[in-house]
Amino acid sequence: MGKFRGWHIVAGIAAMVLTGILGNAMGLNNTAAFMASCVAFVAVSMWIDNRMSLRRRERAREAARAADRDDAGAEPGPALEPEQPERDGRGT
């Protein structure tokens, strides 16, 4: 899939075309076929977007777990000092 983030749009357009063809073959008038195509576009594009988001989220969780496992075996580094406030009079 790479960096292209529009797969849900491509899948929605494909569903829209297929639904339009099937609607005309079934004998629907143009308005009904167009409305069915629009519904199919929205449904398929939202479904694909959801699946891709779930997959991305799961990959991020796996990466975080792997990083935690790597950090657990490493020796602790020097303690970080707390950040100083940018403005005077803020913080202690």
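Our subject is the structure that appears above.
Residues numbered from 1 in each chain as written. Predicted model: local features only at pLDDT ≥ 70, side-chain atom pairs only at ≥ 80, totals over all residues. Heavy atoms only, no water.

Colleague: I keep staring at the overall build of the chain and nothing clicks. Help me out?
Modeller: Secondary structure summary: the chain contains two helices and zero strands in total. Pairs at least 24 apart in sequence give 56% of the contacts found in the chain among residues at least 6 apart. Counting every atom, the chain has about 7,900 Å² of accessible surface; 60% of that belongs to carbon and sulfur. (Helix = DSSP H or I, 4+ residues; strand = E, 2+ residues; numbered from the N terminus. Contact = heavy atoms within 4.5 Å. Areas by Shrake-Rupley, 256 points an atom, 1.4 Å probe, with all protein chains shown as cover.)

Colleague: It is not clear to me how the pattern of salt bridges should be interpreted in this structure. Could you clarify?
Modeller: Side chains carrying opposite charge are able to pair once their charged atoms draw close together. For the structure on display, the rule yields three salt bridges. Between Arg65 and Glu58 there is a salt bridge, and its shortest N-O distance comes to 3.9 Å. Residue Arg65 is classed as partly exposed on the basis of its relative accessible area, which comes to 40%. Exposure remark for Glu58: the relative accessible area of 33% places this residue in the partly exposed category. A salt bridge links Arg65 to Glu62; the nearest nitrogen and oxygen atoms lie 2.7 Å apart. With Arg65 and Glu62 both in helix α2 (residues 30-73) and three residues apart, this pair spans about one turn of that helix. A relative accessible area of 38% places Glu62 in the partly exposed class. Within this structure, Glu58, Arg61, Glu62 and Arg65 form a network of salt bridges that share partners. (Salt bridge = Lys/Arg side-chain N within 4 Å of Asp/Glu carboxyl O. Buried < 20%, exposed > 50% of the residue type's maximum accessible area, 1.4 Å probe, protein only.)

Colleague: Help me understand a nonpolar patch on the surface, please; the structure alone is not making it clear to me.
Modeller: Together, Ile9, Ile13, Val17 and Ile21 make up an exposed nonpolar region whose accessible area comes to about 350 Å². Following the sequence through the fold, Ile21 ends up in helix α1 (residues 7-26). You can call Ile21 exposed: its relative accessible area is 54%. (Patch = residues over 30% accessible without salt bridge, like charges linked within 9 Å, V, L, I, M, F, W, Y side chains within 5 Å.)

Colleague: Would you take a moment to explain α1 for this structure?
Modeller: Each α-helix winds once per 3.6 residues, and so residues spaced three or four apart point in a common direction. Under the 1.5 Å per step criterion, the end-to-end length of α1 is 28 Å for 20 residues, consistent within 8% with the ideal 28 Å. By the burial criterion, the buried members of α1 are His8, Gly12, Ala15, Gly20 and Gly23. The arc that holds every buried residue of α1, seen down its axis, measures 140°, which confines them to one face. Facing away from the buried side of α1 by over 90 degrees, the exposed positions are Leu18, Ile21 and Ala25. A positive phi of about 95° marks Gly27, the residue just after α1. (Expected span 1.5 Å × (residues − 1). Arc of directions from axis to C-beta.)

Everything listed here is a matter of coordinates, which is why it stays silent on function.
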